Amino acid sequence: MTDFQQHALQLADAQSSPDWLNDLRAQGAQQWQSAAWPTRRTELWKYTPLVPLQNGDFKRWAEPAGGWQDHIEQIDLDATRLVFVNGVFDPEASSELPPEVVRFGDASAEQKAVISEHLGKVVDTERHLFAALSNAWVAEGVLVHVPRGQRLPKPVYVLHVSTPTAEPATANSRVLAVLEDGAEATLIEHYASTADEQNGFVNSLTEVVLKDNAGMQHYRINMEEENIFHLGGVHADLYRSARLRGFTIAQGSRLKRVDYQVNHKGEGADLNLQGIYLPRNSQYVDYHTNIEHCVPHCTTKEVFRGILADKSRAVFNGRIHIHQDAQKTLAELSNKNLLTSNKAEVDTKPELEIYADDVKCAHGATVSQINKGALFYLQSRGVSRKEAEIMLSFGFINELLQEVQEPAVQNYLGPRLARLFSRDNELLRHISYE
Amino acid sequence: MLSIKDLHASVEETNILKGLSLEVKPGEVHAIMGPNGSGKSTLGNVLTGREGYSVSQGEVTFNGKDLLDLGIEERAHEGLFLAFQYPVEIPGVSNMEFLKAAVDAKRHHQGLSDLSAVEFMKTARDVIKHVSLDQSFLKRGVNEGFSGGEKKRNEILQMMLLEPSLCILDETDSGLDIDALQVVANGVNAMRNDDRSFIVVTHYQRLLDYIIPDYVHVLSGGRIVKSGGKELAKELEARGYSWLEGEVA
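Residues numbered from 1 in each chain as written. Chains lettered and ligands numbered in written order. Predicted model: local features only at pLDDT ≥ 70, side-chain atom pairs only at ≥ 80, totals over all residues. Heavy atoms only, no water.

Overview of the interface of chain A and chain B
Taken together, the contact between chain A and chain B spans 24 residues of the former and 33 residues of the latter. Summed over both sides, the interface between chain A and chain B buries roughly 2300 Å², with carbon and sulfur atoms accounting for 61% of that surface. Together, Phe376(A), Tyr377(A) and Arg381(A) form the three largest contributors to the area buried by chain A at its contact with chain B, with a combined 36%. Put simply, chain A and chain B have 3 salt bridges between them. Between Glu155(B) and Arg381(A) there is a salt bridge, with the nearest N and O atoms lying 2.7 Å from each other. Our enumeration of links across chain A and chain B arrives at 12 residue pairs in polar contact (both at pLDDT 80 or more). Contributing elements (two or more residues each) for the side of chain A that touches chain B: helix 6 (372-380) and helix 7 (385-401) of chain A. Ranked by residues supplied to the side of chain A that touches chain B, first place goes to helix 6 of chain A with 8 residues. Classifying every residue of the side of chain A that touches chain B gives 8 nonpolar, 10 polar and 6 charged. (Contact = heavy atoms within 4.5 Å. Buried area = accessible area lost by both parts, 1.4 Å probe. Salt bridge = Lys/Arg side-chain N within 4 Å of Asp/Glu carboxyl O. Polar contact = N/O pair within 3.5 Å; in protein donor to acceptor, adjacent residues only side chain to side chain. Helix = DSSP H or I, 4+ residues; strand = E, 2+ residues; numbered from the N terminus. Nonpolar A, V, L, I, M, F, W, Y, C, P; charged D, E, K, R; others polar.)

This is how it looks when you write it as structure tokens:
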């Protein structure tokens, strides 16, 4: 066991947690300590070295902090709001919770039963080591449980704020959403930080269960200062005719990796997943997605786009696994990368594994620089090269942004993403966000 | 307005233009015809400053300025406009943003402030009618999914909004049906005046039935080998280009 693993176990021991979560915690701890530490020879971590994390001094839980409100811009929407600061619930900043939303510690007997039935069961902890760690650390967390046939009237907005602490510290984030037959909900997870240099490590895990005909919009927004360490995952089980519409965006950081695992377990399930990553400077970002088509008649449409600036690096690994029984599957996977610097680097690996014979699948990946023809076209109309480059870069991700269903999220992201390309409003004045 | 003297230009080490000279005065329409590979498109690309074209000899003055010394966008600000043979599709950038950026860039050069969104919309909605495109084309990505004819009409829309002093139409008629050809020609004719000049580059005489040129030049082997009035186009249509081969040498 590495020192990092050891320290992580000590952190688990230092927590107070509800007794009824003890089994899951013990199981997580067991998997965590018996697992081989990933190295560059571990396929799932081939491009993403954990060395910086391993060498980090993560021996303590982060303390709650005040005064962050003036430094974090929240998404402006009418929502059920849960705010966690360095992993600690902030009741002042949070709103009153409807009966469908509860923190694990406040769960009723019925809600405990839902949590016990599903928490840690959607995610494959054999494959996802840091999900095992999340189990070992589970104490605080959010349950969204929507009963059969109901629609949550307001989106659930979970804001996780990171602030720098005196010593490097750790925060854990856990969300479980269970939508019963025909239920509908929107869940927005927003990981933000103050602009100060961060020194923390966030381990976050979301599990989603969509039962027959349930429908969910899920957003995961990772916009944190570039020194943060963040390993996260979204894992979903989709049953008959369930629909998951996912959108994720990440700025890079010292170490940032997000895994998406979606399991089509019922016929007619539908996944639409879109992602954007925008690393710059020396930042790093890694998206690993794995879609399991276990049964017939399911559909997946997955589109990820990245723009890499400066000396940044990105990894995109998109796997779609179509099992032998998954006839009549429709699956599409596209990953396009725009490199705005010749020192940026991306590793993209779309993988289709098909064992059924009657399926329609397509996948593609591209890595390119700004289209010279388009640049010339804009310049020939009098637009400066700099402005043209920004318009074209923004346009590259705007195609995905335009499809964001929740207007508040679109309004939030548009101007903030544009500002990543330039601080000069003169150069941004012809970018529109609709 | 435009004076080209002994222009030599190459693409990837291949000499395309080999001593082209041309004088265009305000208000004139010049047609440049010629066989494939004669350098017709190269001329437009060199004049607008496209990357990959190098000029080894000759000079080009535009409204008294050394054109070849100006950047791509500066040439546009000075009033030069190229209607592309193959307009570029730019998904994710709306036609509206694109057009407004172009108009504002020109205004900026003239020392004017940006048009407000409302003012611009009003102008664009008015002008787009003249090229027979639906208003919805303003909201779509630049040329994204436009048919060949729609792309060319979008070029004319840009031309009308930017009001350039010299317009180069690079094989604007290629791939157009007769209706689209008329829309394009009407757009050009509506913009003709005593100050504005046109260079109409085309392979076929057909376009010149609608846009009547003052002069017709035959480009062959990288130079102008014959010049005449509009009747020269008819002669070319009847006889082809081969009878001029002898004049190349």
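A word on the nonpolar core
All names here are of chain A. In this structure, Leu 413 and Leu 417 are the most contacted members of the largest nonpolar core, which totals 131 residues. At 9 residues, helix 7 tops the list of elements feeding residues into this core. Three or more residues apiece are contributed to this core by two domains, here domain 1 (1-35 + 61-227) and domain 2 (383-434). Here Leu 413 is in contact with Ile 221, Met 223, Phe 247, Ile 249 and Leu 401, once residues within four sequence places are set aside. Among the nonpolar cores identified, the runner-up in size contains 51 residues, and Leu 187, Ala 214, Ile 291 and Leu 308 belong to it. (Core = buried A, V, L, I, M, F, W, Y, C linked by side-chain atoms within 4.5 Å. Buried < 20%, exposed > 50% of the residue type's maximum accessible area, 1.4 Å probe, protein only. Domains from an automatic or database assignment.)

Observations concerning helix 5 (residues 129-136) of chain A
Among the 8 residues that make up helix 5 of chain A, 8 are buried, leaving the element largely enclosed by the rest of the structure. Every buried residue of helix 5 of chain A is accounted for by Leu129(A), Phe130(A), Ala131(A), Ala132(A), Leu133(A), Ser134(A), Asn135(A) and Ala136(A).

Considering the pattern of salt bridges
Residues and elements named next belong to chain A. As enumerated under the stated definition, the model contains 35 salt bridges over all chains in all. Taking the shortest distance from any N to any O, the salt bridge between Glu 353 and Arg 319 comes out at 3.0 Å. Placement of Glu 353 in strand 18 (residues 345-354) and of Arg 319 in strand 16 (residues 313-322) is noted, with a sequence separation of 34 residues between them. Owing to a relative accessible area of 23%, Glu 353 belongs among the partly exposed residues under this scheme. A salt bridge links Asp 358 to Lys 328, with the nearest nitrogen and oxygen atoms 2.8 Å apart. One end of the pair, Asp 358, is in the loop between strand 18 and strand 19 (360-368); the other, Lys 328, is in the loop between strand 16 and strand 17 (330-339), with 30 residues separating them in the sequence.

Re the sheet that holds strand 8 (residues 201-210) of chain A
All names here are of chain A. An order of 3-4-6-8-10-12-14-16-18 is seen for the 9 strands of this open sheet, with the pairing classed as mixed. Looking at strand neighbours, the two that pair on one side only are strand 3 (101-103) and strand 18, the edges of this open sheet. Between one strand axis and the next, the sheet turns by 10 degrees as a mean value, whatever way the strands run. The sheet contact formed by strand 3 and strand 4 (residues 142-146) spans 3 bridges and is antiparallel. (Pairing = 2+ DSSP bridges. Axes fitted to C-alpha atoms, helices over the stretch in contact; angles between N-to-C directions.)

Considerations on unusual backbone geometry
Residue and element names in this part refer to chain A. Within the chain, Asn 86 stands out as a residue other than glycine whose phi angle is a positive 50 degrees. Note on Asn 86: relative accessible area 5%, which makes it buried. Phi angles above zero are rare outside glycine, and Lys 328 is one such case at about 60 degrees.

With respect to the packing of helix 6 of chain A against helix 7 of chain A
Residue and element names in this part refer to chain A. Two elements in contact, helix 6 and helix 7, have axes whose closest approach is 9 Å; the angle formed by their N-to-C orientations is 130 degrees. When the axes of helix 6 and helix 7 are compared, the pair comes out oblique. Taken as a pair, helix 6 and helix 7 cross one another with a handedness that is right-handed. Touching Ala 374, Leu 375, Leu 378 and Gln 379 of helix 6 are Arg 385, Ala 388, Glu 389 and Leu 392, all from helix 7. Split into classes, the residues belonging to the contact of helix 6 with helix 7 amount to 5 nonpolar, 1 polar and 2 charged. (Parallel < 35°, antiparallel > 145°, perpendicular 65-115°, else oblique. Left-handed = near helix turned anticlockwise from the far one by under 90°.)

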